[in-house]
Amino acid sequence: MLKGIPKIVSPELLKILCEMGHGDEIVIADANFPSETFGKRVIRAEGISGTEMLDAVLKLMPLDAYSDPNMILMQLMQCDEGKINPVIWKEYEKIAHENDINVRVNNIDRFEFYERAKSAYAVIATGESAVYANIILKKGVIK
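Basis of the calculations
- Residues numbered from 1 in each chain as written.
- Predicted model: local features only at pLDDT ≥ 70, side-chain atom pairs only at ≥ 80, totals over all residues.
- Heavy atoms only, no water.
- Helix = DSSP H or I, 4+ residues; strand = E, 2+ residues; numbered from the N terminus.
- Rg over C-alpha atoms; globule rule 2.2 N^0.38 Å.
- Buried < 20%, exposed > 50% of the residue type's maximum accessible area, 1.4 Å probe, protein only.
- Contact = heavy atoms within 4.5 Å.
- Areas by Shrake-Rupley, 256 points an atom, 1.4 Å probe, with all protein chains shown as cover.
- Phe/Tyr/Trp six-rings, centres within 6.5 Å; stacked < 30°, edge-to-face > 60°.
- Lys NZ or Arg CZ within 6 Å of the ring centre and 35° of its normal.
- Pairing = 2+ DSSP bridges.
- Axes fitted to C-alpha atoms, helices over the stretch in contact; angles between N-to-C directions.
- Salt bridge = Lys/Arg side-chain N within 4 Å of Asp/Glu carboxyl O.

**Q** Go over the overall build of the protein with me, naming the residues and quoting the values.
**A** In terms of helices and strands, the protein carries 5 helices and 6 strands. Tracing the protein from N to C terminus, the helices and strands come up as α-β-α-β-α-β-α-β-α-β-β. Against the globule reference of 15 Å for 143 residues, the protein gives a C-alpha radius of gyration of 14 Å, in line with a compact fold. The dimensions of the protein, computed from C-alpha atoms along their principal axes, are 45 × 30 × 25 Å. In the protein, buried positions account for 49% of the 143 residues. The contacts of the protein with a sequence gap of at least 6 include a subset with a gap of at least 24, amounting to 88%. For the protein, the accessible area works out to roughly 7,600 Å², and carbon and sulfur atoms hold 52% of it.

Rendered as structure tokens:
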């Protein structure tokens, strides 16, 4: 047991976060994301929501203060615009701002997100059921 580590952070995830260097990216994926297809390393966290995981990861990992953006969301597909309102995006931004002063958010196209996920250091496959609840975080440095 360790002090100060959120309980939902598994030993495997803790190791991954420690291995990551400045500029490496990690995906927090919702339950619909093809994690095994795009992830080089996949950490299973099916019983955990995206908001819980984001909070836990940002308690341990700083965002890259030199990158804009350093937190990337998957943009709505054109066919979903006006039909879907991803409320979780506001929750993600609130959690991020509570944990890090260097938050810079942007949205990218679904297929660009997939391509970026392929090169991410790891993918955390959560049980989040909200749609468009995928997020990429770029790791910063500890000063």
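Next comes the rest of the write-up.
**Q** Can you lay out the packing of aromatic side chains for me, pointing to particular residues and giving the numbers?
**A** For any two aromatic rings, the description comes down to two numbers: the centre-to-centre distance and the angle of the planes. As enumerated under the stated definition, the model contains 5 aromatic pairs in all. When the ring centre of Tyr121 is taken as origin, the NZ or CZ atom of Arg41, which lies over that ring, is 3.8 Å away.

**Q** I'd like a description of the sheet that holds strand β4 (residues 105–108), backed by residues and values.
**A** The strand order β2-β5-β1-β6-β3-β4 describes an open sheet built from 6 strands, whose pairing is mixed. Lying at the two open borders of the sheet, with one neighbouring strand each, are β2 (42–45) and β4. Each adjacent strand pair in this sheet contributes to an overall mean axis angle of 20 degrees, direction not counted. Sitting on the sheet, helix α5 (residues 110–119) is in contact with β1 (25–29), β3 (71–74), β4 and β6 (135–138), with an inclination near 130 degrees to β3.

**Q** Mind laying out the pattern of salt bridges, listing which residues take part and the relevant values?
**A** What the rule picks out here adds up to 8 salt bridges. Note that Arg44 and Glu36 form a salt bridge whose closest N and O atoms lie 2.9 Å from each other. Overall, Arg44 belongs to the partly exposed group, its relative accessible area being 45%. Between Lys118 and Glu115 there is a salt bridge, and its shortest N-O distance comes to 2.9 Å. With Lys118 and Glu115 both in helix α5 and 3 residues apart, this pair spans about one turn of that helix. On the basis of relative accessibility, which here comes to 40%, the residue Lys118 falls in the partly exposed class. For Glu115, a relative accessible area of 48% corresponds to the partly exposed category. Salt bridges linked by common partners bring Glu25, Arg116 and Lys138 together as one network.

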